[in-house]
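Residue-level listing of the chains:
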Amino acid sequence: MLFSKKIKILFLPNVNETSGAGHFFRCLSIAKALKNYSNCFFNFESKELFFKKIIKQNNMFFCKKKIIDYTDNEFSTVIIDNYEIKQTEINILKKKSNKIILINDF
């Protein structure tokens, strides 16, 4: 292994009743590629158990916290694939994480 300690990465895909599953599966693909070097956490609003089951099957984690409740540097990187996230939430995450990656396919 290249890293002695796994980093913590938080994925924030757009997963809710009005969106498709593309955001989730794109983030899942990235998480699978990084899994050997990181502990991958997901957070989204959907109550759909299908997505949470996939996360668990891949030995990843689901966080129930709201963005404002994350502690400083709790995650080394936050990957956002969500059109509905507000700029105020991004600003909060910038203060609480070393790196923010925003996927925007527009």
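Everything that follows concerns the structure shown earlier in this document.
Every value quoted in this text rests on a predicted model; they were computed, and no experiment measured them.

Novice: Where do I start with the nonpolar core in this structure?
Specialist: Across soluble globular proteins, nonpolar side chains show a tendency to be buried alongside one another. Core analysis: the largest hydrophobic core is formed by 16 residues, its most contacted members being Phe11, Phe24, Phe42, Phe44 and Met60. Those elements giving two or more residues to this core turn out to be strand 1 (7–13), helix 1 (22–34), strand 2 (38–42) and helix 2 (49–57). Residue contacts for Phe24: discarding those within four places in its chain leaves Pro13, Val15, Phe42, Phe44, Phe51, Ile54 and Ile55. Core analysis: the second largest hydrophobic core is formed by 12 residues, Leu10, Phe41, Ile80 and Ile85 among them.

Novice: When you look at the sheet that holds strand 5 (residues 97–102) in this model, what are you seeing that I'm missing?
Specialist: Sheet strands pair by backbone hydrogen bonding; their relative direction is either parallel or antiparallel. Spatial ordering of the open sheet is given by 3-2-1-4-5, a layout of 5 strands whose pairing is parallel. Both edges of this open sheet fall to strand 3 (61–62) and strand 5, since each of them pairs with a single strand only. Sheet analysis places strand 4 (residues 75–81) next to strand 5, joined by 5 bridges and oriented parallel. Directly across from Phe75, in strand 5, lies its bridge partner Ser97. The sheet contacts of helix 3 (residues 87–96) involve strand 1, strand 4 and strand 5, and relative to strand 5 the element is tilted by about 140 degrees.

What counts as what
Residues numbered from 1 in each chain as written. Predicted model: local features only at pLDDT ≥ 70, side-chain atom pairs only at ≥ 80, totals over all residues. Heavy atoms only, no water. Core = buried A, V, L, I, M, F, W, Y, C linked by side-chain atoms within 4.5 Å. Buried < 20%, exposed > 50% of the residue type's maximum accessible area, 1.4 Å probe, protein only. Helix = DSSP H or I, 4+ residues; strand = E, 2+ residues; numbered from the N terminus. Contact = heavy atoms within 4.5 Å. Pairing = 2+ DSSP bridges. Axes fitted to C-alpha atoms, helices over the stretch in contact; angles between N-to-C directions.

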